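Single-letter residue listing:
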Amino acid sequence: MAKITASVYTSHVPAIGAALDLGKSGEPYWQPVFKGYDYSKQWLKDNPPDVIFLVYNDHATAFSLEMIPTFAIGTAAEFTPADEGWGPRPVPKVIGHPELAAHIAQSVIQQDFDLTIVNKMDVDHGLTVPLSLMCGQPPQSNFAWPCPVIPFAVNVVQYPVPSGRRCFELGKAIRKAVESFDKPLNVQIWGTGGMSHQLQGPRAGLINKEFDNAFLDQLIADPEALASKPHIDYVREAGSEGIELVMWLIARGAMSDVAGGPAPKVTHRFYHVPASNTAVGHLILENK
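Report follows, based on the coordinates.

What counts as what
- Residues numbered from 1 in each chain as written.
- Predicted model: local features only at pLDDT ≥ 70, side-chain atom pairs only at ≥ 80, totals over all residues.
- Heavy atoms only, no water.
- Salt bridge = Lys/Arg side-chain N within 4 Å of Asp/Glu carboxyl O.
- Helix = DSSP H or I, 4+ residues; strand = E, 2+ residues; numbered from the N terminus.
- Buried < 20%, exposed > 50% of the residue type's maximum accessible area, 1.4 Å probe, protein only.
- Axes fitted to C-alpha atoms, helices over the stretch in contact; angles between N-to-C directions.
- Parallel < 35°, antiparallel > 145°, perpendicular 65-115°, else oblique.
- Left-handed = near helix turned anticlockwise from the far one by under 90°.
- Contact = heavy atoms within 4.5 Å.
- Nonpolar A, V, L, I, M, F, W, Y, C, P; charged D, E, K, R; others polar.
- Expected span 1.5 Å × (residues − 1).
- Lys, Arg positive; Asp, Glu negative; His and termini not counted.
- Polar contact = N/O pair within 3.5 Å; in protein donor to acceptor, adjacent residues only side chain to side chain.
- Pairing = 2+ DSSP bridges.
- Core = buried A, V, L, I, M, F, W, Y, C linked by side-chain atoms within 4.5 Å.

## As for the pattern of salt bridges
- Following the criterion strictly, the structure yields twelve salt bridges and no others.
- Taking the shortest distance from any N to any O, the salt bridge between Asp233 and Arg236 comes out at 2.7 Å. Linking Asp233 with Arg236, this pair stays in helix H9 (residues 231–238), spanning three residues, or about one helical turn.
- Residue class for Arg236 comes out partly exposed when judged on its relative accessible area of 44%.
- In the salt-bridge network here, residues are joined through shared partners; they are Arg165, Glu169, Lys172 and Glu224.

## Remarks on the packing of helix H1 (residues 14–21) against helix H5 (residues 125–135)
- Axis separation between H1 and H5 bottoms out at 9 Å; the angle between their running directions is 55°. Comparing the axis directions of H1 and H5 gives the class oblique. Seen along the crossing, H1 lies across H5 with a hand that is left-handed. Of the residues in H5, those touching H1 at Pro14, Ile16, Gly17 and Leu20 are His125, Val129, Ser132 and Leu133.
- Residues of the contact of H1 with H5, tallied by class, amount to five nonpolar, three polar and no charged.

## Section: helix H6 (residues 164–179)
- Here H6 contains 16 residues, and its C-alpha end-to-end distance of 23 Å stays within 8% of the 22 Å for a straight helix at 1.5 Å per residue.
- All of the buried residues along H6 are Gly164, Cys167, Phe168, Leu170, Gly171, Lys172, Ala173, Ile174, Arg175, Ala177 and Val178.

## Observations concerning the side chain of Glu241
- Inspection of the secondary structure puts Glu241 in the loop between H9 and helix H10 (246–253).
- One buried charged residue, Glu241, remains without a salt bridge, the closest side chain of opposite sign being Arg203 at 8.5 Å.
- Only 2.8 Å separates the side chain of Glu241 from the side chain of Ser240, close enough to count as a polar contact.
- Excluding residues within four positions of it along the chain, Glu241 makes contact with His197, Gln198, Leu199 and Gln200.

## Some words on the sheet that holds strand E2 (residues 51–56)
- Taken in spatial order, the eight strands line up as E6-E3-E7-E2-E8-E1-E10-E9 in an open sheet, and their pairing is mixed. Each edge of the sheet is formed by a strand with only one pairing partner; in this case those strands are strand E6 (116–118) and strand E9 (265–275). Neighbouring strand axes in the sheet, compared pairwise and without regard to direction, differ in orientation by 20° on average.
- As paired strands, strand E1 (residues 3–10) and strand E10 (residues 278–286) are joined by five bridges and run antiparallel to one another. Paired with Val8 across the bridge in E10 is Ile284.

## Some thoughts on the pairing of strand E8 (residues 186–192)
- By the criterion of burial, E8 is predominantly enclosed, with six of the seven residues buried.
- Sheet analysis places E1 next to E8, joined by seven bridges and oriented parallel. Pairing of Ala6 across the sheet is with Gln188, part of E8.
- Relative to E8, E2 runs parallel, the two sharing five bridges. Counterpart to Val55 in the pairing with E8 is Gly191.

## A look at the side chain of Ser196
- Structurally, Ser196 can be placed in the loop between E8 and helix H7 (209–221).
- Within polar-contact distance, the side chain of Ser196 engages the backbone nitrogen of Asn208 at 2.9 Å.
- Not counting chain neighbours up to four residues away, the residues in contact with Ser196 comprise Leu206, Ile207, Asn208, Asp212, Ala238, Thr278 and Ala279.

## Details of the nonpolar core
- Core analysis: the largest hydrophobic core is formed by 55 residues, its most contacted members being Phe53, Phe152 and Ile250.
- Counting residues per element, this core draws most heavily on H6, which supplies seven residues.
- Counting residues in each nonpolar core, the second largest holds 39 residues, with Ala6, Val8, Val280 and Ile284 among its members.

Without other data, these values stay purely geometric and don't point to any function.
The following block contains the structure:
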């Protein structure tokens, strides 16, 4: 059967993608950010997945305020980098895994989670920036991401957005779906977005280091309790865009300790402020 071997958590700040694309990653401002992912890039090479299930939020490219699904799974064979207003990022197209994606959709819907099936969509920085951070920029001689990716978009843009509890339980359903797939695939699940930031209003530029690090502590040690945190706490403490952190609970709910297994191994943890006007958080957990 397939199995989830690890979960990866990372911010997906668009300015990080721009810094990479414009060759600015070596500049003093950006060096500390990218240094935090040096270990992670080597770890991914040493622990290559067959498939990445990547949880992210769309930023009005594939979806708009006219139609926003709460949970949407990409089942296509490939996904093109989106043009977010300044041209698509110069990164490879994303190759999907339609067979596993369709199986997960079937299983999760039968577990009473309503998913939107998406057979065609472009993917924006919410998905491509995490791939760039973890994989590096693929060389032109082999211009491809290292493995197939299943995009899983979550609405954290238009209220009402899903609760942390709903996301955590969805992660459990995804783990069951993966484990019922009858091919021996090594699957990693990535939760992206956050950490604390606010892009507009009187609190624009808000960053809360204490909240962010307490969130990481609890995500590791007590995700069950963290899943009960109400939306208002995220908004008050982490800014209007801090609600993106509920997507990390999907990845955490898919880890085996939630189903009674041993606690995961904390392989890497990193935190830095600022990157643009956002706090950057990053964590790798491995199932034992």
